[in-house]
Amino acid sequence: MIGLKGTLNVIDNSGALLVECVNVLKQKVNNGWGSVGDEIVCVVKRARPISAAQSGSNAIKVRRGDVRRAVIVRTKKTVRRPDGRFIRFDDNAAVLLNNKREMLGTRIGGVVSADLRMKGWGKIVSLAPKPGLLVYS
């Protein structure tokens, strides 16, 4: 559950390392808390340093202080699946998006929740090394 001022790690190669949630973009369910697959508006709190030698497709795309959209891909809060299993991760993580709801980076550097595919984020699941199946009964 991600709310206002919640911090998330960024697991793509867009250049951001840490973001802070400022708004959860979804219907008025769950009173402003975001879960896996929800879109948020966030501020980049920490980013990779920009060197003059970088150019081309792997150039840093964000700077500290940028306001961006992101999708939540992992949460520490346990999520119950329809079959009764509970899924929980070690941290909160997100992937940055552009204004057309496309990924800002080209790679995913960590495990993401498999529930993203059901919520319309199949591209993120396909780029990730493997979907997460951490189960706690």
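Source: prediction; values computed, not measured.

### Regarding the sheet that holds strand E7 (residues 93-97)
Here comes step 1: Taking strand neighbours around the barrel as the criterion, the 5 strands line up as E1-E2-E3-E4-E7 in a closed arrangement whose pairing is mixed. On average, each strand axis in the sheet is inclined to that of its neighbour by 55 degrees, with strand direction left out of account.
Here comes step 2: Pairing between strand E2 (residues 16-25) and strand E3 (residues 39-47): 8 bridges, direction antiparallel. Counterpart to Leu18 in the pairing with E3 is Arg46.

### Topic: the pairing of E2
Here comes step 1: Pairing between strand E1 (residues 7-10) and E2: 3 bridges, direction antiparallel. Bridging across to E2, Thr7 finds its partner in Glu20.

### What about the pairing of E3?
Here comes step 1: Both E3 and strand E4 (residues 67-74) contribute to a ladder of 5 bridges, which runs antiparallel. By the bridge assignment for E4, Cys42 is matched with Arg68.

### A look at unusual backbone geometry
Residues apart from glycine generally show negative phi values, whereas peptide bonds are mostly found in trans.
Here comes step 1: Positive phi, close to 70 degrees, is recorded for Lys5, a residue that is not glycine.
Here comes step 2: Within the secondary structure, Lys5 sits in the segment before E1.
Here comes step 3: One non-glycine residue, Arg101, lies in positive phi territory at about 65 degrees.
Here comes step 4: As for its position among the elements, Arg101 is in the loop between E7 and strand E8 (112-113).

### Observations concerning the pattern of salt bridges
Here comes step 1: Counted according to the given criterion, the structure contains 7 salt bridges.
Here comes step 2: The salt bridge partner of Asp83 is Arg85, with a shortest N-O separation of 3.0 Å.
Here comes step 3: A single network of salt bridges, built from pairs that share partners, joins Glu39, Arg69 and Arg101.

Conventions and cut-offs
- Residues numbered from 1 in each chain as written.
- Predicted model: local features only at pLDDT ≥ 70, side-chain atom pairs only at ≥ 80, totals over all residues.
- Heavy atoms only, no water.
- Pairing = 2+ DSSP bridges.
- Helix = DSSP H or I, 4+ residues; strand = E, 2+ residues; numbered from the N terminus.
- Axes fitted to C-alpha atoms, helices over the stretch in contact; angles between N-to-C directions.
- Salt bridge = Lys/Arg side-chain N within 4 Å of Asp/Glu carboxyl O.

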